[in-house]
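# Geometric and topological summary
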Amino acid sequence: MVVFPNVKINLGLHVLRKRPDGYHDLDTCFYPVPLSDILEAIPSKEFEFSQTGLEVPGGEDSNLCIRAYSLLKEKYNIPPVKMHLHKIVPMGAGLGGGSSDGAFTIRLLNDLFHLNLSPVEMSEYSAVLGSDCPFFIYNKPMIGSGRGTDLLPADISLADNYIRIIHPGIHISTAQAFANLTPADNRLPVAELLALDKSLWKDKLTNDFCKGTYKNFSQLSEIESSLYNDGAFYACMSGSGSAVYGLFDSEPPPAPKSGYFIWTGRLA
Ligand SMILES: C[C@@](CO)(OP(=O)(O)O)[C@H](O)COP(=O)(O)OP(=O)(O)OC[C@H]1O[C@@H](n2ccc(N)nc2=O)[C@H](O)[C@@H]1O
Ligand SMILES: Nc1ncnc2c1ncn2[C@@H]1O[C@H](COP(=O)(O)OP(=O)(O)O)[C@@H](O)[C@H]1O
């Protein structure tokens, strides 16, 4: 069975407060984007994992595909599989690529072995792997609260809008990014901001990670400006960075040559 774990962007990202468990309460909208890795798993005599494409840092045991398999194996004693991940999505980019691989592994194993897990059950298992994972179980526009794992459908559609994602290769540690900012819970909810006319998003819809990160890496605000110059109605860094995306009403002009990872596609 083959699946295509796609990425997400955050439309607005408010870090509200630090919690007693060390995580932060968030208010954000997750939106799925069809830039994907490729993941295959088939039943096998012994467990095997192989990987091509971009190299995933950390040992195999820390790979979220293997961690997801181990989690379900412990609960449901599922048979061994031969799993292959072809990694395309840049890592440490704020696109949730690793989280998506983990969540899609759970979905794949649920289908392959007819575990009959509900989306809520899969979401709960995936939350053990990472705060971004439950979104990828549903993979529809969602407002995320709590540590990002409490999800409600978002009343928003960017269907047929174009997106361009630019990642300059700066790897940002999510934990470090949270540690570097000061939470604040005095903003209008992201859901209310998204209900405004899209032309107002540029001035109203913010990602709290941008301020500090743009200060440290000026090329990120330059990328954001270049997306606006190319006609984006909204441009921002995703998650804790460092990928920056632009949203367009129509197909953007060809991207200039650069050493950066650049991907342009159409949203559903
Ligand atoms: C910031 C966000 C926004 O969507 O995305 P990314 O930039 O990673 O894609 C997420 O909250 C990232 O989720 P995820 O990458 O799954 O994080 P986790 O593995 O759960 O946590 C990594 C570390 O980030 C911090 N963390 C994460 C989530 C949260 N709500 N509060 C936190 O303080 C904690 O220090 C935690 O140890
Ligand atoms: N299958 C995987 N793909 C990508 N990263 C993974 C994977 N498994 C574990 N990781 C770890 O997760 C880290 C963050 O990955 P990713 O989710 O792509 O970034 P972000 O949290 O910025 O969106 C990587 O640097 C890597 O150490």
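Each chain carries its own residue numbering, running from 1 in the written order of its sequence. All chains are assigned letters beginning at A, and all ligands numbers beginning at 1, according to the order in which they are written. Given that the model is predicted, a residue must reach a pLDDT of at least 70 before its local features are reported, and side-chain atom pairs must reach 80 or more before they are shown or counted; all residues, however, enter totals for whole chains, interfaces and linings.

Definition in use: UniProt positions are given in the numbering used here, feature names are shortened, and annotations may be inferred rather than shown by experiment.
Per an unreviewed UniProt entry, the protein chain goes by 4-diphosphocytidyl-2-C-methyl-D-erythritol kinase and derives from Fulvivirga sedimenti. Annotation of the protein chain in UniProt includes, under Catalytic activity (unreviewed entry), the sentence "4-CDP-2-C-methyl-D-erythritol + ATP = 4-CDP-2-C-methyl-D-erythritol 2-phosphate + ADP + H(+)".

## Considerations on the packing of helix 2 (residues 97–112) against helix 3 (residues 119–129)
In a pair of packed helices, the angle between the axes and the distance between the axes together describe the arrangement. Defined as follows: Think of each axis as a best-fit line through the C-alpha atoms, taken over the contacting stretch in the case of a helix, with angles from 0 to 180 degrees between the N-to-C directions. Runs of E in the DSSP output that reach at least two residues are strands. Runs of H or I that reach at least four are helices, and both are numbered from the N terminus. Should the near helix be turned anticlockwise from the far one by less than a right angle, the crossing is left-handed, and should it be turned clockwise, the crossing is right-handed. Residues are scored as being in contact if the C-beta atoms we place from backbone atoms lie within 7 Å. When residues are grouped by polarity, Ala, Val, Leu, Ile, Met, Phe, Trp, Tyr, Cys and Pro land in nonpolar, Asp, Glu, Lys and Arg in charged, and all others, Gly among them, in polar.
Between helix 2 and helix 3, the shortest axis-to-axis distance is 9 Å and the interhelical angle comes to 145°. Considering how the two elements wind past one another, helix 2 and helix 3 form a crossing that is right-handed. Residues Gly 102, Ala 103, Ile 106, Arg 107 and Asn 110 of helix 2 pack against Met 122, Tyr 125, Ser 126 and Leu 129 of helix 3. Broken down by class, the residue content of the contact of helix 2 with helix 3 amounts to 5 nonpolar, 3 polar and 1 charged.

## A closer look at the sheet that holds strand 9 (residues 162–167)
Stated precisely, the cut-off is as follows: One bridge is not enough; two strands pair if DSSP finds at least two bridges between them.
One open sheet accounts for 4 strands, arranged 10-11-9-12; its pairing is antiparallel. Each edge of the sheet is formed by a strand with only one pairing partner; in this case those strands are strand 10 (234–237) and strand 12 (261–266). With direction set aside, neighbouring strand axes in the sheet form an average angle of 15°. Where strand 10 lies against strand 11 (residues 244–248), 4 bridges are found, and the strand directions are antiparallel. Within strand 11, the residue paired with Cys 236 across the bridge is Tyr 245.

## Quick notes on the site of ligand 1
Our working rule: As a rule, any residue with its backbone-derived C-beta atom within 6 Å of a molecule or strand is reported as near that molecule or strand. All domain edges in this entry derive from an automatic or database-based domain assignment.
Around ligand 1 sit 19 residues, and of these Gly 130, Ser 131, Asp 132, Gly 239 and Ser 240 come closest. Elements represented by at least two residues in the shell around ligand 1 include exactly strand 2 (6–18), strand 3 (24–36) and helix 5 (174–179). Looking at which domains feed residues into the shell around ligand 1, each of domain 1 (2–153) and domain 2 (162–266) gives three or more.

## As for helix 8 (residues 208–216)
As a reminder, the rule being used: Counting other C-beta atoms within 10 Å of a residue's C-beta gives its exposure: the residue is buried at 20 or more, exposed at 12 or fewer, and partly exposed in between, where C-beta atoms are placed from the backbone.
Asp 208, Phe 209, Thr 213 and Tyr 214 are the residues of helix 8 that are buried. At its buried positions, helix 8 is contacted by strand 2, helix 5, helix 9 (218–229) and strand 10.

## Digging into unusual backbone geometry
Going from Gly 241 to Ser 242, the amide bond is cis rather than trans, its omega being 15°. Relative to the helices and strands, Ser 242 resides in the loop between strand 10 and strand 11. Phi angles above zero are rare outside glycine, and Asn 77 is one such case at about 50°. Tracing the chain through its elements places Asn 77 in the loop between helix 1 (64–76) and strand 6 (81–87).

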